[in-house]
Amino acid sequence: MDNDTKKSLYHSASYMAAGTAMMSFKPINAIHQHICAFHAYSQDRTRHIEAHHYCTHLSHDFHQCIIYDSDQPNAKLIGIEYIVSEKIFASLPQEEKKYWHSHKYEVESGFLQIQVKNTVPDFITDTAEQPAILELHSTYGKTIHTWAVDLHPDLPLGPPNLMVSYTGDDQGPPKELVQERDDRLGMSTERKRNLRAGYLPPYEKQADADQWEQTGKALVFETTETDIKPSENRRGPLDKDHHHWWSGG
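Now for a description of the structure that goes with this document.

Basis of the calculations
- Residues numbered from 1 in each chain as written.
- Predicted model: local features only at pLDDT ≥ 70, side-chain atom pairs only at ≥ 80, totals over all residues.
- Heavy atoms only, no water.
- 1 Å grid on protein atoms, 1.4 Å probe; cavity = no way out; pocket = protein on both sides within 12 Å on 5 of 7 lines; lining within 4 Å.
- Points joined across faces, edges and corners; volume = space filled by probe spheres on them.
- Helix = DSSP H or I, 4+ residues; strand = E, 2+ residues; numbered from the N terminus.
- Nonpolar A, V, L, I, M, F, W, Y, C, P; charged D, E, K, R; others polar.
- Buried < 20%, exposed > 50% of the residue type's maximum accessible area, 1.4 Å probe, protein only.
- Arc of directions from axis to C-beta.
- Contact = heavy atoms within 4.5 Å.
- Polar contact = N/O pair within 3.5 Å; in protein donor to acceptor, adjacent residues only side chain to side chain.
- Phe/Tyr/Trp six-rings, centres within 6.5 Å; stacked < 30°, edge-to-face > 60°.
- Lys NZ or Arg CZ within 6 Å of the ring centre and 35° of its normal.

1. Re the layout of surface pockets
The calculated volume of the largest pocket comes to roughly 310 Å³. Lining the largest pocket are 17 residues, and of these F111, K175, V178, T189 and R193 sit closest to its centre. When residues of the lining of the largest pocket are traced back to their parent elements, those giving at least two are α6 (104-109), α9 (175-185) and α10 (189-197). Top element by residues in the lining of the largest pocket is α9. It accounts for four residues. For the lining of the largest pocket, the residue count by class is five nonpolar, six polar and six charged.

2. Examining α9
Here α9 has its buried residues at V178, R181, D182 and L185. Buried positions in α9, seen along its axis, are confined to an arc of 95° and lie on one side of it. Those residues of α9 that are exposed and angled more than 90 degrees off the buried face are E176 and D183. Residues of α9 that are buried in the fold lie against β1 (33-41), β2 (44-59), β6 (113-114) and α10. Looking one or two residues beyond α9, the residue adopting positive phi is G186, at roughly 70°.

3. What to know about empty space enclosed by the protein
Applying the stated criterion to the full structure yields one cavity of 30 Å³ or more. Reported here for the largest cavity is a volume of approximately 60 Å³. Taken together, I35, A37, H39, H53, E81, I83, H103, E106, L112 and L136 form the lining of the largest cavity. Contributions of two or more residues to the lining of the largest cavity are made by β1 and β4 (77-84). Of the residues forming the lining of the largest cavity, the biggest block, three residues, is contributed by β1.

4. Re the side chain of H48
Position of H48 among the secondary structure elements: in strand β2. For H48, a relative accessible area of 16% translates into the label buried. At 2.8 Å, the side chain of H48 and the side chain of Y166 are in polar contact. Apart from the residues lying within four places of it in its own chain, the contact partners of H48 are H39, A40, Y166, Q171, G172, P173, P174 and L177.

5. A short note on the packing of aromatic side chains
Enumeration over the complete set of coordinates arrives at seven aromatic pairs. Between F89 and Y140, the ring centres sit 4.4 Å apart and the planes meet at 15°, which makes this aromatic pair stacked. Taken together, the residues span a long stretch of sequence, with F89 in helix α4 (residues 86-91) and Y140 in strand β7 (residues 140-145) at a distance of 51 residues. As far as the burial class goes, F89 and Y140 line up, both buried. Among the aromatic residues, those joined into a ring-pair cluster are F38, Y105, F111 and Y166. Above the face of the F89 ring, K97 is positioned so that its terminal group lies 5.4 Å from the ring centre.

Distances and angles like these do not, on their own, reveal function.
This is the structure in structure tokens:
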């Protein structure tokens, strides 16, 4: 078999099936929770993204989630979110807290939902979600999207973006966006809001979260040029004109 023929096999269903059978996916297989919510861009609150979180709990106080733009096999990997308990958030350095948002309103509003298979009846989901919702109610998230899929649907162009959650009814997402999500996935944001009002305890979020509420400012990631710290294995000084290492001889 020549190299061109071998290369053509790479995207074939049979080659992918063989890879699935031969390889280990332990970090992926540890995922046991699917959360669907909406994110807004820190610097532009007119842009709202449906975000499907697939989460692993590394400890009682720490979740890590990979985020896709849908729950379909061809979903695009658009970001990550780290979720910590109130205890961990309170212990963070003050400078770090500016990157974190609360989940209190997301949970209470019904925007954040535990997504289950369509065959699971609502009355089972309503009961099964409660341990997770009670836990998430007082957690805090640090969310970075690496793909601005709303602006660049084909490729992940540009710098990453810090994302935020909502803290009040007047912030979005638009009602039609929520309704479209609910209809497509068999959810009801309003019903979840009413249900959770009956079992969630009162909770006051940490004042240092959602700092944009106090500052009125957004955080953006911007690239800057800086000097390179060279590898310890280099053989000579860096030739700044040609960007390679000279042997020094």
